[in-house]
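The lines below spell out each chain.
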Amino acid sequence: MTTLVRPAFSIFLLLTLVTGIGYPLAVTGIAKLVFPEAAEGSLIRVDGTPVGSALIGQSFTAPDYFWGRPSATAPRPYNAAASGGSNQGPLNPALMDAVRGHIATLKAADPGNSLPIPVDLVTASGSGLDPHISPAAAHYQVARVARARQLSPAALSALVAEFTEGRQWGVFGEPRVNVLKLNLALASRHPD
Amino acid sequence: MTHHAWLILGLYLLVLLLAAWPLGRYIANVMEGRPLLGLGLRGGFESPLYRLCGVRRDTEMSWLHYALAILLFNLIGALAVYALQRLQLWLPLNPQGLPNVSPDSSFNTAISFATNTNWQGYAGETTMSYLTQMLGLAVQNFLSAATGIVVVIALIRGFAGHSATTIGNAWVDLTRVTLYVLLPIALVFAVVLVSQGVIQNFSPYQDVTTLDVTRYDTPRLDAAGLALKDAQGGVLTAPTTSRTQTLAMGPVASQEAIKMLGTNGGGFFNANSAHPYENPTPLTNFMQMLLIFLIPAALCTTFGRMVGDSRQGWALLTAMTLMFIGMAVAAMHFEGQGNPLLANLGVDLAPGNLEGKETRFGSAESGLFATITTLASCGAVNSMHDSFMPLGGLVALWNMMLGEVVFGGVGTGLYGMLVFAVMAVFIAGLMIGRTPEYLGKKIEAFDMKMVAIAILVTPILVLAGTAIAVTTAAGVAGIANPGPHGFTEILYAFTSAANNNGSAFAGLSANTPFYNGMLGAAMWFGRFGVIVAVLALAGSLAAKPRIAASAGTMPTHDVLFVVLLIGTVVLVGALNYVPALALGPVVEQLMLGSVN
């Protein structure tokens, strides 16, 4: 047994130093040198003040902004210090209530809208921090935002098109719109 | 399935197999001690390290000695993770001042990471300090992965050896796998992940001023800080507004790379690979899926090389690939269908089921990720499995129930598949009345006992654990979703723990003394019960002579054997679990049909 104990502790200590201290510090050093902005969270600054991250969604409820995915984080939506999904199963009555509630909110804000309801606007994301919506979900909201900002729907559609990203490298993932970036452009180019 | 889904699946298989082949040859070179690209392994810098650690490099171990070394090494790892969690408040790198973790949660997490399960009863960003994550959890991501790989290498040596009494030196094997295989690949991918937006820093959580006001309800508290309730017992709330968002930070990329490469799966954040700071782009998602299967696929090549017949490795890889394609198509199909109950409300279901999924990944790349992570005993998730459609969730559950042998965890997948291969030749031997042989080794009574233990340990833990949980108040208390889905949450938890997967139907409130204890035990025995049986098998096989193939030998590299192997895996999985599955996702699917 003694022939086991010393190697067990020594090898554990050695590999812990290499993988638990040397490795993360090396990655941190390279990251700071080569990709400093990404390593610190891809923050967006306006006049030097951080207003959000390009990768993390924010809660939007005002009619003159595009809204993002419903977020199931507690105690507030888009809580970026406590990520998570609703974990509601497909037959859970609470899921149906939540979806009905989101549909009612959308309809109340834009009663004349007869487009099909985009599924991403009424279902909670996995992280609760999804920064994106589908292009269909953005176009669904054009009429409401145009009215609230007294813009032409055509101009707003063009803005949505400008902020629509295709599949990465033409292959990976789904087409999408970054809601925070779109709203920041909206606020700076078309202030109320 | 959409064209896009087929394209991604095809591209995935292509890149995976192209990358796995050279890596498998490289791993064989490392484990057989051949010189590597200028690093003189036989001399060089390893010798002083081993002298310092009291390791006699050229002394090989018997299977029992090897098993004791592995057990002791992992026990030390578990104790270190436990200690770090219990003391983190007083240790450095805790800018949020997160308190020490409770004893039962620390116990569960320590076992979880030492067994390569990475079941998470806690939420990372609100529980673990940066030091605990990088010095405790990430270290175990390396070491538990190394453990899995060295065990399968020992088993391969058992097949390859001629009348040998030893199966290698555990200390040398662990050191080499960690330093020459896991570390360099993780380092490269960690940097690539940062380039896409995965964070890597030691900063305190970052406050930002949001563009719009966030509106939400907070519980109203009395003078003593307790929530006020109305006459019906409902919590009274007050509307609250805020324009501050707090972004969780940390050394994520370094942990993320090894989390996927080592098929560990424990997220830095609660949302795991759904979190944009862990998995920011569709490209990182594709890379993460590749990293999960990379070493398990490569080890098939390693196996073929080390037993001196590459066709044997290809046969196993073919069986794994065929089963994987079937499962992936099923999961992507079911998640692509969407929830029919929402269609009744006027919702456009073309994008599929998006509850619990991220827009950038969509239903196809979430279904594919779920298949890979559950087949591979990884357990990372890029979408919430609890919100999958009943049959989509069934695929994830069934994947784990196959015993994590279709690619499977690093090392564990291949040794599990080799155990099934021995089982398959045994069944074939019974049918034709010959003593079964695999790779020239006679399969005898002791070997079959070890095979039976290795195959039966996990179903016993899963079914007994689930039965206890559903019949006790403490077990039922954790259920989040009503009806059969609640039963599935419990079944999924024990399946995930005993098979060392770590993914969850995460609605289950599992951070309680009951579940922390029960699942901790399931993880430990599900891991080391199998490992000890596999090492005993390795020792027994090593001691046998290798008989040359004769006309009566059943070939184990042809189509017939691949079919037999797939049949054995599926049959054992089905016989063990169909009754339990019928009570959960199958009933739920029938209810969905009737409600609709």
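Residues numbered from 1 in each chain as written. Chains lettered and ligands numbered in written order. Predicted model: local features only at pLDDT ≥ 70, side-chain atom pairs only at ≥ 80, totals over all residues. Heavy atoms only, no water.

Attention now goes to helix α2 (residues 46-53) of chain B. Residues and elements named next belong to chain B. Taken as a whole, α2 has its buried residues at E46, Y50 and C53. One face of α2 carries all of its buried residues, which in axial projection span an arc of 65°. Facing away from the buried side of α2 by over 90 degrees, the exposed positions are R51 and L52. (Buried < 20%, exposed > 50% of the residue type's maximum accessible area, 1.4 Å probe, protein only. Helix = DSSP H or I, 4+ residues; strand = E, 2+ residues; numbered from the N terminus. Arc of directions from axis to C-beta.)

The next point concerns the interface of chain B and chain A. Facing 118 residues of chain B, the contacting portion of chain A comprises 100 residues. Surface buried jointly by chain B and chain A totals about 8,700 Å² across both partners, of which 68% is contributed by carbon and sulfur atoms. Three residues stand out in chain B for area buried against chain A, namely L211(B), E355(B) and T359(B), and they jointly supply 9% of the buried area on that side. Along the contact surface separating chain B from chain A lie zero salt bridges. Linking chain B with chain A are 44 residue pairs in polar contact (both at pLDDT 80 or more), by the criterion used here. The element that contributes the greatest number of residues to the side of chain B that touches chain A is helix α7 (residues 170-196) of chain B, accounting for 13 residues. Per-class residue counts for the side of chain B that touches chain A are 67 nonpolar, 36 polar and 15 charged. (Contact = heavy atoms within 4.5 Å. Buried area = accessible area lost by both parts, 1.4 Å probe. Salt bridge = Lys/Arg side-chain N within 4 Å of Asp/Glu carboxyl O. Polar contact = N/O pair within 3.5 Å; in protein donor to acceptor, adjacent residues only side chain to side chain. Nonpolar A, V, L, I, M, F, W, Y, C, P; charged D, E, K, R; others polar.)

Another aspect to go through is the domain arrangement of chain A. Often the size quoted for an interface is simply the accessible area lost on bringing the parts together. Under the domain assignment used here, chain A contains domain 1 (1-40) and domain 2 (41-189). Between the C-alpha centres of domain 1 of chain A and domain 2 of chain A the distance comes to 40 Å. (Domains from an automatic or database assignment.)

On to the pairing of strand β1 (residues 43-46) of chain A, then. One face of the sheet, then the other: side chains in a regular strand alternate in exactly this way. Residues and elements named next belong to chain A. Pairing between β1 and strand β2 (residues 49-53): four bridges, direction antiparallel. Note that in β2 the partner of I44 across the bridge is G52. Where β1 hands over to β2, the hairpin turn is made up of two residues, of which D47 adopts a positive phi near 55°. (Pairing = 2+ DSSP bridges.)

With respect to the helices, strands and loops of the structure, G52(A) is situated in strand β2. Residues G52(A) and A98(A), 46 residues apart in the sequence, show an inter-C-alpha distance of 27 Å.

Within this structure, the stated rule accounts for zero disulfides over all chains. C378(B) provides the cysteine sulfur closest to C300(B), a residue in no disulfide bond, and the two sulfurs are 17 Å apart. (Disulfide = S-S within 2.5 Å.)

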